Amino acid sequence: MEISERLKTVASFVRTSRVIADIGTDHGYIPIYLCLEDTIDRAIACDVNREPVRRAACNINRYGLGGRIETRLGDGLKPVKTGEAEGAVIAGMGGMLIIDILDECREKTGALGELVLQPQTDVDRVRKYIHSIGFKIEDEAVIFEDGIYYNVIRAVRGKEKYDSEADYIFGRINIRRKDPTLKEFIEKDMNKSKRIMETLERAGTENSAKRLAELEKYIEICGEVYKCL
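Treat the numbers as computed from the prediction; the structure is a model and nothing was measured.

Chemist: Provide a residue-level description of the sheet that holds strand β5 (residues 114-119), including the pertinent values.
Modeler: Taking strand neighbours across the sheet as the criterion, the seven strands line up as β3-β2-β1-β4-β5-β7-β6 in an open arrangement whose pairing is mixed. Whereas interior strands pair on both sides, the edge strands pair on one side only; in this sheet they are β3 (69-73) and β6 (135-145). Averaged over all neighbouring strand pairs, the angle between strand axes comes to 15°, with direction disregarded. As paired strands, β5 and strand β7 (residues 148-157) are joined by four bridges and run antiparallel to one another. Paired with L117 across the two strands is I153, which belongs to β7. Here helix α6 (residues 123-132) sits on the sheet and contacts β5, β6 and β7; the angle it forms with β6, its principal contact strand, is near 160°. Sheet contacts for helix α8 (residues 180-203): β6 and β7; angle to β6, the most-contacted strand, approximately 70°.

Here it is in structure tokens:
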């Protein structure tokens, strides 16, 4: 089965769970791929909308995996019983939505041993939330696909806290690994931020001044990390 590099990276981060819940499954590609690779035994493919559940069910049947992957309609982790899955995959949605999904079902989240998350936004907040609920970040990756940079995070049970804001923004593992894709992203984002600053300077409003200060601090952090890569 051929899947995108983003989804392949997400799938590769499922390493200890034999039963996973794929939240926001869409086409069901990740659980199908994991079953075909025999990485997992079973999966629960969940989505809040009926059409993605239908699409996933069709794809699951196409690969003859109806006995190993069950589709469920529902919001976040709500369709999954506590302890029913060993790990959860939540990919391709905003970081704050991922946090809401995990936080709304804290008992279920706490029973999981592995989280594989791919937030589209607010990645720093996701990392901070992971630490706040008794998980540690065991692996990360930054990938570039179709003109977009993606962060993939694998977390397991354990205590951890970063002292550096840069580690939360860009990922301590990515920085220590001297990830070339991260370096490329930072360079582009610094240039983008500088262009935005020029526009804000011309605006000269109270709100623009506040945003300018935020961007100056961000560019300073970017510069410090870039030197390490």
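That covers the picture; the talk isn't over yet.
Chemist: Could you give an account of empty space enclosed by the protein, with specific residues and numbers?
Modeler: Throughout the structure, instances matching the rule amount to one cavity of 30 Å³ or more. Looking at the largest cavity, the residues that line it are L77, V80, K81, T82, G83, A85, K108 and L112. When grouped by side-chain class, the residues that make up the lining of the largest cavity number four nonpolar, two polar and two charged.

Chemist: Mind laying out helix α1 (residues 5-12), listing which residues take part and the relevant values?
Modeler: Among all positions of α1, only R6, L7, T9, V10 and A11 are buried. The inward-facing, buried residues of α1 abut α2 (29-36), β4 (87-93), β5, β6 and β7.

Chemist: Describe unusual backbone geometry, and please don't skip the residues or the numbers.
Modeler: Positive phi is not limited to glycine here, since D146 has a value of about 55°. When you line up the elements, D146 lands in the loop between β6 and β7. The backbone of K178 sits at a positive phi, close to 55°, despite the residue not being glycine. Relative to the assigned elements, K178 resides in the loop between α7 (165-176) and α8. Note on K178: relative accessible area 47%, which makes it partly exposed.

Chemist: Residues and numbers for the layout of surface pockets, please.
Modeler: Volume-wise, the largest pocket comes out at about 840 Å³. Contributing to the lining of the largest pocket are 28 residues, with D124, I169, F185, D189 and Y218 lying nearest its centre. Of all the secondary-structure elements, those providing two or more residues to the lining of the largest pocket are α6, β7, α7, α8 and α9 (206-228). When grouped by side-chain class, the residues that make up the lining of the largest pocket number 14 nonpolar, four polar and 10 charged.

Chemist: Quick one: what's the story with the environment of E220, residue by residue and with numbers?
Modeler: Inspection of the secondary structure assignment puts E220 in helix α9. Separated by 91 residues in sequence, E220 and Y129 have C-alpha atoms that sit 24 Å apart.

Chemist: Report on the packing of aromatic side chains, specifying residues and quantitative values.
Modeler: Tallied over the full model, the rule gives four aromatic pairs. Relative to Y149, the ring of F144 has its centre 4.5 Å away and its plane inclined at 45°; by these criteria the two rings are tilted. Residue Y149 is classed as buried on the basis of its relative accessible area of 17%. Both rings, one in F170 and one in Y218, keep their centres 6.2 Å apart while their planes meet at 35°; by these two values the pair is tilted. One end of the pair, F170, is in helix α7; the other, Y218, is in helix α9, with 48 residues separating them in the sequence. Judged by its relative accessible area of 3%, F170 falls in the buried class. Accessibility expressed as a relative area gives 18% for Y218, which makes it buried. Grouped by ring-pair contacts, the aromatic residues F144, Y149 and F185 constitute a single cluster. Cation over ring: R6 sits above Y150, and NZ or CZ is 5.4 Å from the ring centre. Taking NZ or CZ as reference, R157 lies 4.4 Å from the ring centre of F135, over its face.

Conventions adopted
- Residues numbered from 1 in each chain as written.
- Predicted model: local features only at pLDDT ≥ 70, side-chain atom pairs only at ≥ 80, totals over all residues.
- Heavy atoms only, no water.
- Pairing = 2+ DSSP bridges.
- Helix = DSSP H or I, 4+ residues; strand = E, 2+ residues; numbered from the N terminus.
- Axes fitted to C-alpha atoms, helices over the stretch in contact; angles between N-to-C directions.
- Contact = heavy atoms within 4.5 Å.
- 1 Å grid on protein atoms, 1.4 Å probe; cavity = no way out; pocket = protein on both sides within 12 Å on 5 of 7 lines; lining within 4 Å.
- Points joined across faces, edges and corners; volume = space filled by probe spheres on them.
- Nonpolar A, V, L, I, M, F, W, Y, C, P; charged D, E, K, R; others polar.
- Buried < 20%, exposed > 50% of the residue type's maximum accessible area, 1.4 Å probe, protein only.
- Phe/Tyr/Trp six-rings, centres within 6.5 Å; stacked < 30°, edge-to-face > 60°.
- Lys NZ or Arg CZ within 6 Å of the ring centre and 35° of its normal.

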